[in-house]
Amino acid sequence: MKCRVCRGPAVIDIRRHNAAFCPDHLVAHCEEQVRRAVHEYEMFTTDDRILVAVSGGKDSLALWDLLVRLGYDVDGLYLGLGIGEYSDESGLYTVAFAADRSLKLHQVELGTDFGFTIPAAAAATHRSPCGSCGLSKRHLFNRHAIELGYDVVATGHNLDDEAAVLLGNVLRWDVSFLGRQHPVLPAAEGFARKVKPLVRMGEREMAAYCVVRGIDYQVEECPMAAGNRHLGYKEILNALEDRSPGSKAAFMFGYLARGHERFHAEGAEERAELEPCTSCGAPTPKGVCAFCKLRERAS
Ligand code: Q46
Ligand code: ZN
Ligand code: ZN
């Protein structure tokens, strides 16, 4: 297997691009893909202050590294979820990454700062932990971005993640989620802009990027992920991709090019009808927001 660019020994082959890369050209490939996504979807410029939501996993650390390399003004925010050893370790990887590169990291702990953890939230609500977890992350990343004066929140969702979410949304024909599924969600009253610069990158490429760049990350899966629907959708898409490389990218980018605008109105409508939470001020359909309710129940 030879690098497509220099014909040196390759460390990864990417079937959907019909290409293999050596370490240096893998880094160049990742930079190029991120640069293209940022420009194509007009995510941000070097004038924007960017906050990367870091989990300690490969995607978010690689994203932070890539954005710094591309010359953007970017700090990190780590949210401790209180999922036992998994969260403790994830926090350590994140802190070490930032310290080694002298990057600025903000840290929030659900337990000490808000009085509950994700396992406690799951027990109190009798619902899947990922529901409470996703809700808390969306709320807190947005809230801190606004409070700390950042223009944009960037998350490490990659092509595999986004295609799996799209499959779930299509299977249920959830029009308001479909309307909001886009690599850029513009800012609105009470909302910072949200962007997904890794939308063109596959999971394997991100893992290889971390190895090549010497980024130590949390390799364990979250123990609460077992059996969630999202993982099932990823497996199905991987099976499809195996049979016909490029399916995932065709599914995702076809949607963005030809499907998204048909659902755009539904996504925007829901946002327009929000009012400030009576407890924390975050936008909510009515009264107290879902995060404040969750906090009340779980703490
Ligand atoms: S961290 Fe949270 Fe994930 Fe763990 S509880 Fe579910 S959502 S699986 S990305
Ligand atoms: Zn090469
Ligand atoms: Zn609230």
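Computed from a predicted model, the values in this text were never measured in an experiment. (Residues numbered from 1 in each chain as written. Chains lettered and ligands numbered in written order. Predicted model: local features only at pLDDT ≥ 70, side-chain atom pairs only at ≥ 80, totals over all residues. Heavy atoms only, no water.)

Here's the deal with the overall build of the protein chain
Inclusion rule: Numbered from the N terminus, helices here are DSSP runs of H or I no shorter than four residues, and strands are runs of E no shorter than two. In this treatment the radius of gyration is a C-alpha quantity, and the globule benchmark scales as 2.2 Å times the residue count to the 0.38 power. Any residue under 20% of the maximum accessible area for its type is buried, any over 50% is exposed, and the rest in between are partly exposed; the area is computed with a 1.4 Å probe on protein chains only. Two residues form a contact once any of their heavy atoms are found within 4.5 Å. Method for areas: the Shrake-Rupley scheme with a 1.4 Å probe, in which residue coverage is limited to the protein chains shown. Neither His nor the chain termini are counted; the positive set is Lys and Arg, and the negative set is Asp and Glu. By convention, the charge on Lys lies at NZ, on Arg at CZ, on Asp at CG and on Glu at CD.
Helix and strand content of the protein chain: 12 helices and 10 strands. Taken against the 2.2 N^0.38 rule, which gives 19 Å for 299 residues, the C-alpha radius of gyration of the protein chain at 19 Å falls within 12% of a compact globule. Across its three principal axes, the protein chain shows a C-alpha extent of roughly 60 × 45 × 40 Å. Scored against the burial criterion, the 299 residues of the protein chain give a buried share of 48%. In the protein chain, of all internal contacts separated by at least 6 residues, the share reaching a separation of at least 24 is 71%. Split by element, the accessible area of the protein chain, about 14700 Å² in all, is 51% carbon and sulfur. Measuring between centres, the 35 positive side-chain charges of the protein chain sit 4 Å from its 40 negative side-chain charges.

A short note on the coordination of the zinc ion (ligand 3)
Under ideal tetrahedral coordination, the four donors around a metal are separated by 109.5 degrees; under ideal octahedral coordination, the six donors are separated by 90 or 180 degrees. Rule in force here: Coordination shells were defined by N, O and S atoms within 2.8 Å of each metal, extended to 3.2 Å for Na, K and Ca; water is absent from the atom set, which can make sites look incomplete. The rule is simple: four donors are tetrahedral if all their angles sit between 85 and 135 degrees, four are square planar and six octahedral if opposite donors span more than 155 degrees and the others lie between 65 and 115, and anything that fits none of that is irregular.
For the zinc ion (ligand 3), every protein donor is listed as Cys277 (SG), Cys280 (SG), Cys289 (SG) and Cys292 (SG), and the spread of their distances is 2.3 Å. One can describe the donor arrangement at the zinc ion (ligand 3) as tetrahedral, given that its four donor atoms subtend angles of 106 to 113° at the metal. Sequence spacing of the donor residues for the zinc ion (ligand 3), all on one chain, is C-x2-C-x8-C-x2-C. Of this pair, Cys280 sits in the loop between β9 (275–276) and β10 (283–284) while Cys292 is found in helix α12 (residues 290–298), placing the two residues 12 residues apart along the sequence. Residue class for Cys280 comes out partly exposed when judged on its relative accessible area of 28%.

Some words on the site of ligand 1
Counted only if it meets this: The nearness test applies per residue and asks whether one of its heavy atoms lies within 4 Å of the molecule or strand. Each residue is assigned to one class: nonpolar for Ala, Val, Leu, Ile, Met, Phe, Trp, Tyr, Cys and Pro, charged for Asp, Glu, Lys and Arg, and polar for all the others, Gly among them.
The environment of ligand 1 is formed by Leu81, Cys130, Cys133, Lys137, Cys222, Met224 and Ala225. Taken together, the residues of the shell around ligand 1 break down into six nonpolar, no polar and one charged.

Notes on the side chain of Asp161
Along the chain, the position of Asp161 falls in helix α7 (residues 159–172). Judged by relative accessible area, Asp161 falls into the buried class, the value being 11%. Filtering out sequence-adjacent residues up to four positions away, Asp161 remains in contact with Gly156, Glu203, His230 and Lys234.

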